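One-letter residues, chain by chain:
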Amino acid sequence: MGVFTAPWLVAFTRLTWFAASCLYLADTMSDELKRYEATHASMGTKFTVAAYGGDVRLLAATVEQVFEEIDRLHEQMTRYQPGSELSFINREGASFPVRVEPGLLALIEKSLRHSEDMGGAFDITVGPLMEAWGFFRGQGRVPTQEELQSVLKCIGYQRVKLDPSNRTIHFDLSGIELDLGGIAKGYAVDRAVSILSENGITAALVSSGMSSIYALGAPPGEEGWKIILRDPFDSTVPADVVYLKNFAMSTSGNYNQFFKLGGKTYSHIMDPRTGMPVENMLSTAVFLASATDSEALSKLYVLGVDASRQYLATHANIQALFYLPAGPEKQFKRVLIQSASYSLPPDSLVKFTGDLAGSHIA
Amino acid sequence: MDDQGEVTRREFLKTAGAATAVVVLPRFSEGESQPAAVSPNSRLNYGIIGTGTEGCTLLRAFTRVPGAHCVATSDIYPPNQKKGIETAGSNPQLYEDYRQLLDRKDIDAVLIATPLNLHASMLLDTLSAGKHVFIEKTMFFKEEEEAPIRKAVAAHPGQIVQVGLQRRSDALYQYAMEMIRAGALGKVMFVRAQWHRNSDWRRPVPDAKFERLINWRMYREYSGGLMAELASHQIDVANWAIGAEPVSVVGTGGIDYWKDGRETCDNAQTIFEYPGGQKLLWSSILCNARYDFNEQIMGDRGTIEITLGKGLFYTEHVAKVSQGASKENWWAGATVTEAAEQQGLPLFPETVPAHEGFVAREQRYAREWLIRHGYKTIPANDAWFEELTNFVASVRDGKPVACGLDQGIADARAVIYGNRAIDTGKKVFWPKTTG
C-alpha cells in the first residue's frame, strides 16, 4: 500500500476484502452438505474420488492431494519409465542390494507374503510372462513352448530377497523383474483413503478404474455405498448389488480383455505357476478391509473355487464371490465363500442384496 | 485460357439462360405451376440436372431408394451425359437444356448438382415449374440470391426444398448431436474442423477447352472454392452442434502452393464466431494430408471427434460439485482403462477394427460405457442414401425435411462471408436483420 493512499481508501479496501472473504467462506464452508467428484488418469487407469463434506474447498484440496499422491506412486512404481524407482530396482536388483523407499519396501514385502500364501497364484515377478503373451505390446500372441519355458525360469517371487533391516532388495537370479500392476492400484486407493481420513472426510468412495474400490463411511442417509457387480458377459447388465461401508473390494475378470487365436479364446489373466491363461473362470470379486490386500487377493481368480476355499480356511475376514461359466449361452453361476474365521470390523458393512442376500455362504 | 474460358462460358450460358446474372427471375409466373401430386403409393419420377461426380454420387444412391425412378437427366458435357444415363440405369431421357427437363409434366422432383453459380437460377426455375427440389450444397452463390430464394420457396409452400448437406442424414453425426443435446459434452464452446489434402484438387481435362467447365471449382466466376465445396459441410456441422449460425468471421488464405492459373484459394483458414462466443476454427490446405479430414466438437465436459465413418468421444476430467446427497450407483469390474480413453470411446462399435490389440478391444468395450449412460447403439448408414430416402418421404408422406431452407441459407451465408473475410482481410459481420 503506497504512502499516498488515503486512509479511508485503505479502510474501505480492507473492509471490502474482509466482507468478500466472509461471503466466500460462508458459501464454501456452509453446513449444507456438498458432494465433490473428480477423476484423474494415472497408473494406466482412471482414479475416481467422490466425497461428501460441508466445505467444498477442503474437499477439492484434499482430492487434489490424493491425486498428487497417486501420481507420486505411479512415478515411483511404473515399470515403463526408466527413471522410476522400480525400473532402477529391476535393472540393478540382480547386481547388488538396492536400497528402497520404506513405503515401496513395505508394499513389496506384503506382495511377497501374498505370493507365498497363495502358492504363487499371485506373483509380482509375472511381467516377462505377460510380455511373452503380448500383453504389453497390445497384441495377443501365443508363445511357443520353448519361449514359455525360458520365460518361466525368470518368474518366481522366491527369487526376490528383502533385507528389512537395511531396507534393501536383491534378486538372486538375473532376469527377474518386478511388476506391481496387480497390487499398486489397490495400494494407491488405500493411500487415498488415508489422506481423505486425515483431512476429516468421513464419507467418500475411491476407485481405481472400478477394479479396486474403498468405501469410506457411507453416503448421507445410506447404510453403505451401493456397488453394482456387472454381469460377466455384459457390462450394462447388473449381476449383483452389494453395499459397502469402511471396506474394500476388488475384481478380476476376463471381461473385454481376451483375445482369440486359432479358434481359442485366451484370458488376459495368467497363472504364473504354469505360464498359461486361466480357464473356466469369468470373474471374481473379493471383499477385505484393505484395498491393497483385496487387489492382490482378487487373484483368487487364479486359484479357483476349491483352492480358494482352502486358502480362506486359514486366512480371516475375507469374502470371495466367483462367477463361473455355466453353459454355452453366456450363462454363469455364482459361488460366494468366506473365511472360516470371519467377523466384520466395527462400523463396517458388506451387505449383499437379491439372490445373494439370503444365500448360504460356504 | 481466356479463349477457352469464353467457349466454356458460352456453353454454360446456352443452357443456363441468364445464369450468371445476379438475380434470375423464374421463367414461369407463380400462378402457373402446381406442385406435383405424388400419392404415397405412386412412383416418384425425378430428373437430375448435372451428372458430374457429385451428381452421379447422388444418382447412384437414389437408384437404390424404393419408389423413386429417374426419368430424365441433363448435362452439357458429353462424358457426364453418358455417365449420368449409365448410372441411372433406367434409360432416362437426356436433355442438354435443363429447361426442357423442367417442362416435362410427369417429373415430380428434380435434383440439382451443377456448378455453384447455377444453383439459384435453377432452383427458382424448378420451383416455378412445380417440382420438388433437392439441391446440392452450397445452396446459393451470391448474397443477393437469398431473398429471391426465400420468396420463391414461400410462394410454393407445397413443394419440398431439401439441401444436400448430407451430414444431416448421417447416423454418426445425428448420434453425435444427440449426445451433445443430452449434455455429454457439457457446454459446447469450440469446434475445430479441417479438410486437408495433398493434391491439386483438379479433375482431369481431356481437352483444354473444357478446363473451366470441368474444373469450375478453380474459378471465381462459378465457385466459392474451398469454402463452398469443403467448409460448407463442416460449417453446417458447427451450426448444428452449437445450435446457431455465426455472427462474424475473420479469415485468411491464398494461392500459395498450386500456382497453376486457378483463381480460388489453395488454402483457407477462418474463425467463425457464434452468438454465445463459441468459435469454429476451420482450415483447408492442399499440400499436406497428415490430418486429413475431421471435426472436433469441444465442450467443457467432453469432445467428439468425427472423421469419415468414425466417431470418438473423449471425456474431460472435470470435478463435479453438487449440493446434498446423490443417488450413488457404482459399477464394479467395468474398467475403462486410460489407454482406451486416450484413444477415445468409439461412437459406433464397428468403427473399431476386428483384428486389433487390447487397447482397441477396450475401446469396443468402453463403447458400452456410453450405452450405460443412455446413448443407444445405432448402426452406421449411407448418408447419401438416407438423405434421398428422406427426400422421397418428405415429398410423399410429409416427413420433415432432413436439411431445409434455413439450414441451407445459414450455411451459404457463412460460405459467402467467409470468402469475403479472406478476400478483404477484414472481419465480416452478419447483417443485423437476417432471416
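Everything numeric in this text was worked out from a predicted model, so none of it was measured.

**Student:** If you had to explain the sheet that holds strand β9 (residues 267-273) of chain B to someone new, which residues and values would you point to?
**Tutor:** All names here are of chain B. Here we have nine strands laid out as an open sheet, ordered β16-β13-β12-β11-β7-β10-β9-β8-β17, and mixed in their pairing. The sheet is open, and its two borders are formed by β16 (345-346) and β17 (428-429), each paired with just one other strand. Strands β7 (188-196), β11 (293-299), β12 (302-307) and β13 (310-315) of the sheet are contacted by helix α7 (residues 171-181), whose axis makes an angle of about 170 degrees with β12. The strands touched by helix α9 (residues 225-242) within the sheet are β7, β9, β10 (279-285) and β11, with β7 carrying the most contacts at an inclination of about 160 degrees.

**Student:** Give me the environment of Gly200(A): which residues, what numbers.
**Tutor:** Inspection of the secondary structure assignment puts Gly200(A) in the loop between α7 (184-198) and β6 (203-208). Looking at Gly200(A), the number of C-beta atoms within 10 Å reads 10, which means it is exposed.

**Student:** Talk me through the sheet that holds strand β1 (residues 34-42) of chain A; I want residue IDs and the actual numbers.
**Tutor:** Taking strand neighbours across the sheet as the criterion, the nine strands line up as β17(A)-β16(A)-β15(A)-β10(A)-β7(A)-β6(A)-β2(A)-β1(A)-β14(B) in an open arrangement whose pairing is antiparallel. Whereas interior strands pair on both sides, the edge strands pair on one side only; in this sheet they are β17 (332-338) of chain A together with β14 (320-323) of chain B. Direction aside, the axes of adjacent strands within the sheet are offset by 10 degrees on average. With four bridges joining them, β1(A) and β14(B) adopt antiparallel strand pairing. What sits directly across from Lys34(A), in β14(B), is Gln323(B). In the packing of helix α2 (residues 56-77) of chain A onto the sheet, the strands contacted are β1 and β2 (45-53) of chain A together with β14 of chain B, and the crossing angle to β1(A) comes to about 20 degrees. Helix-sheet contacts for helix α9 (residues 300-314) of chain A involve β10 (247-253), β15 (283-288), β16 (319-325) and β17 of chain A, and the interaxial angle to β17(A) is about 40 degrees.

**Student:** Explain the packing of α2(A) against α7(A) residue by residue, including any values.
**Tutor:** The packing of two helices is summarised by the inter-axis angle and the distance between the axes. Residues and elements named next belong to chain A. Taken N-terminus to C-terminus, the directions of α2 and α7 make an angle of 150 degrees; their axes are 9 Å apart at the nearest point. Between α2 and α7, the angle is such that the two are roughly antiparallel. Helix-helix and strand crossings are classified by hand; for α2 and α7 the assignment is right-handed. Counting all contacts with α2, which are made through Thr62, Gln65, Val66, Glu69, Ile70, Leu73 and Met77, the residues of α7 involved are Ala184, Tyr187, Ala188, Arg191, Ala192, Ile195 and Leu196. Across the contact of α2 with α7, the residue classes tally to 10 nonpolar, two polar and two charged.

**Student:** Please set out the domain arrangement of chain A residue by residue, giving values where relevant.
**Tutor:** Residue and element names in this part refer to chain A. In terms of domain boundaries, chain A breaks down into domain 1 (85-178) and domain 2 (221-356). Between the C-alpha centres of domain 1 and domain 2 there is a distance of 24 Å. Element by element, the count of residues in the side of domain 1 that touches domain 2 is highest for helix α4 (residues 102-117), at four residues. Looking at the side of domain 1 that touches domain 2 residue by residue, the class counts come to 13 nonpolar, four polar and three charged.

Cut-offs and rules
Residues numbered from 1 in each chain as written. Chains lettered and ligands numbered in written order. Predicted model: local features only at pLDDT ≥ 70, side-chain atom pairs only at ≥ 80, totals over all residues. Pairing = 2+ DSSP bridges. Helix = DSSP H or I, 4+ residues; strand = E, 2+ residues; numbered from the N terminus. Contact = placed C-beta atoms within 7 Å. Axes fitted to C-alpha atoms, helices over the stretch in contact; angles between N-to-C directions. Buried ≥ 20, exposed ≤ 12 C-beta atoms within 10 Å, placed from the backbone. Parallel < 35°, antiparallel > 145°, perpendicular 65-115°, else oblique. Left-handed = near helix turned anticlockwise from the far one by under 90°. Nonpolar A, V, L, I, M, F, W, Y, C, P; charged D, E, K, R; others polar. Domains from an automatic or database assignment.

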